[in-house]
Amino acid sequence: MDGLLKKDLENLSGILNYAVEIAQHHFNRQQNLPPGRFIPDLPMANLPSRGIGAIATLDYFENNFADKLANSTGPRYFGFVTGGSTPASVAGDWLVSAYDQNACGSNDSIAPQIERQTIHFFKELFGLDPEYFGSFVTGATLANFTSLALARQWVGEQRGIDFSNEGLTGPPLKVLSATAHSSILKSLSMVGIGRKSLIKLETLPEREAVDIKSLEKTLRENPEPLIVVANAGTVNTVDFDDLEAIGALKTKYNFWLHVDAAFGGFAACSEKYSHLVKGMNHADSITIDAHKWLNVPYDAAMQFTRHKDIQLRVFQNSAAYLTDAEKSLDYFHYTPENSRRFRALPAWFTLVAYGKEGHREIVERNCDVAQYFGELIKSSEDFKLLAPVN
């Protein structure tokens with residue numbers, strides 16, 4: 001064995017303790033560290049022939065790189081819709097690396113069962129029907145990708161074609177949405193439907209929410225099976241489509257309803273805001289991000305669907321060394337990834353640590369701050385509030 005590697009294995013506890021010291025040093029300075037700064041391009045050094053060991057590498061990292069990272073865990077960071085991770089989720093995330101599970105689904109580890117338990121927690125938290133099947137993916141983009149892959153397969157089966165085996169054939173698919181997130185367009189490209197398939201619907205006056213009359217008119221003019229993408233929290237103004245009204249249209253028109261609730265889905269945690277996601281159970285598929293309002297470390301999101309059978313047909317993976325799809329709930333038969341980080345564990349940690357009440361308080365406190373910020377802008381002579389604080 002390499003001498004440096006042998007030494008580090010013998011000093012693993014010391015290495016982990018030093019990593020904790022570096023992390024603690026960062027957390028202790030969160031109030032004062034700038035949320036971001038300009039970092040010039042790093043000159044590309046050559047890989048050394050001989051390493052320096054873990055302790056010296058940690059030391060080099062802290063002295064040369066740590067202060068140049070964005071303070072995305074701090075209170076003044078507004079770069080993306082993300083929050084500082086809860087203490088419990090940080091602990092869970094560290095253990096993910098320590099245990100290094102491939103959470104595929106076989107019974108030689110409890111990891112996939114913890115994922116199923118966490119998904120069950122979320123269905124309770126969001127008020128989703130028990131029939132929904134769910135799994136963890138890397139983020140909202142991959143959750144949207146997974147859901148649109150299912151929608152694509154559903155449209156094909158409505159036409160009598162198995163797209164997953166035969167490929168895309170026949171007339172182009174049509175996707176309807178008022179204010180689709182950019183990840184929807186990216187996903188449409190990846191699943192082969194195409195960005196140009198998106199038909200942009202009219203919105204309500206001075207809002208990003210869909211005009212239901214515009215949606216119904218377009219559905220009436222296009223009797224073929226369609227895909228409708230609704231929003232539960234748009235990225236620019238946090239607007240919500242009327243999911244109840246859209247769901248009611250499913251009794252008259254044939255379409256797959258995907259709800260992109262990447263962070264707005266967590267409105268369900270609060271009685272004050274849960275009306276915004278009323279009707280989410282009409283969805284055929286749902287995207288909700290965990291590394292947004294749940295405040296767990298990147299990368300973690302959930303996808304839910306009422307059509308587990310379609311998900312299996314799209315993502316099943318056949319190989320001699322893998323379990324049979326019909327006999328196992330292995331997640332590599334249901335998600336884009338074969339190698340799956342145990343990303344459910346941080347979410348499980350934070351849900352168990354703080355429960356329904358703790359996460360309701362996070363959502364409501366966040367909304368209170370947003371309302372306060374909106375009032376400050378209204379009273380300012382230098383700024384103008386461009387959209388209502390939802």
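Quick notes on the rules
- Numbering of residues begins from 1 in every chain and follows the order in which that chain's sequence is written.
- Totals for whole chains, interfaces and linings use every residue, but because this is a predicted model, local features are given only for residues with pLDDT of at least 70 and side-chain atom pairs only at 80 or more, for both listing and counting.
- As a rule here, side-chain values cover all heavy atoms of the structure and leave hydrogens and water aside.
- Strands here mean DSSP runs of E at least two residues long; helices mean DSSP runs of H or I at least four residues long; both are numbered from the N terminus.
- Summary of the burial criterion: residues with accessible area below 20% of their type's maximum are buried, those above 50% are exposed, and those between are partly exposed, where the area comes from a 1.4 Å probe applied to protein chains only.
- Two rings from Phe, Tyr or Trp (for Trp, the six-membered ring) form a pair when their centres are within 6.5 Å of each other. A pair whose planes differ by under 30 degrees is stacked, one over 60 is edge-to-face, and the rest are tilted.
- Any helix carries an expected span of 1.5 Å times its number of residues minus one.
- The set of buried Ala, Val, Leu, Ile, Met, Phe, Trp, Tyr and Cys residues whose side-chain atoms join them within 4.5 Å is what this entry labels a nonpolar core.
- Two residues form a contact once any of their heavy atoms are found within 4.5 Å.
- Strands were regarded as paired on the criterion that DSSP finds at least two bridges between them.
- All axes here are fitted lines through C-alpha atoms, helices being fitted over the stretch that makes contact, and every angle between N-to-C directions spans 0 to 180 degrees.

Colleague: Give me the lowdown on unusual backbone geometry, citing residues and values where you can.
Modeller: Of note, the amide linkage connecting Y298 to D299 takes the cis form, showing an omega dihedral of 0 degrees. Note that D299 resides in the loop between strand 6 (285–289) and strand 7 (301–305). Even without glycine at this site, D100 takes up a positive phi of about 50 degrees. Secondary-structure assignment places D100 in the loop between helix 4 (87–99) and helix 5 (111–126). Given the relative accessible area of 62%, D100 is considered exposed. Look at E206: it is not a glycine, yet its phi comes out positive at around 55 degrees.

Colleague: Give a description of the packing of aromatic side chains that names residues and reports values.
Modeller: In total, this model carries 12 aromatic pairs according to the counting rule given. Ring centres of F61 and F65 lie 6.2 Å apart, and the angle between their planes is 70 degrees; this geometry places the pair in the edge-to-face category. Owing to a relative accessible area of 32%, F61 belongs among the partly exposed residues under this scheme. Its relative accessible area of 31% is what places F65 among the partly exposed residues. Between F126 and F304, the ring centres sit 6.3 Å apart and the planes meet at 85 degrees, which makes this aromatic pair edge-to-face. Of this pair, F126 sits in helix 5 while F304 is found in strand 7, placing the two residues 178 residues apart along the sequence. With respect to burial, F126 and F304 carry one shared label: buried. Linked through ring pairs, F122, F126, F136, F266 and F304 together constitute an aromatic cluster.

Colleague: How would you sum up the environment of A19? Please name residues and give values.
Modeller: Take A19: it is sitting in helix 2 (residues 12–28). With 204 residues separating them along the chain, A19 and P223 place their C-alpha atoms 59 Å apart.

Colleague: Can you tell me about helix 6 (residues 140–158), naming the residues and giving the values?
Modeller: For helix 6, spanning 19 residues, the distance from its first C-alpha to its last is 27 Å, which sits close to the expected 27 Å at 1.5 Å a residue. With 16 of its 19 residues buried, helix 6 lies for the most part within the structure. Backbone geometry just downstream of helix 6 places G160 in the positive-phi region, at approximately 85 degrees.

Colleague: Help me get a handle on the nonpolar core, residues and values and all.
Modeller: A general trend in soluble globular proteins is that nonpolar side chains are found buried together. Counting 49 residues, the largest nonpolar core has F122, F126, V259, F266, M280, I286 and F304 as its most contacted members. Contributing elements (two or more residues each) for this core: helix 5, helix 9 (212–221), strand 4 (226–231), helix 10 (243–249), strand 5 (255–260), strand 6, strand 7 and helix 12 (344–378). Here this core gets five residues from one element, more than from any other, and that element is helix 12. In this structure F126 touches G265, F266, A268, M280, I288, M302 and F304, once residues within four positions along its chain are discounted.

Colleague: Which residues make up the sheet that holds strand 7, and what are the values?
Modeller: One open sheet holds the seven strands; their spatial order is 1-7-6-5-4-2-3, and the pairing between them is mixed. Both outer strands of the open sheet, strand 1 (133–137) and strand 3 (198–200), are each paired with one neighbouring strand and no more. Going across the sheet, the axis of each strand differs from the next one's by a mean of 20 degrees, ignoring polarity. In the sheet, strand 2 (residues 175–177) pairs with strand 4 via two bridges, with the strands oriented parallel. By the bridge assignment for strand 4, L176 is matched with V228.

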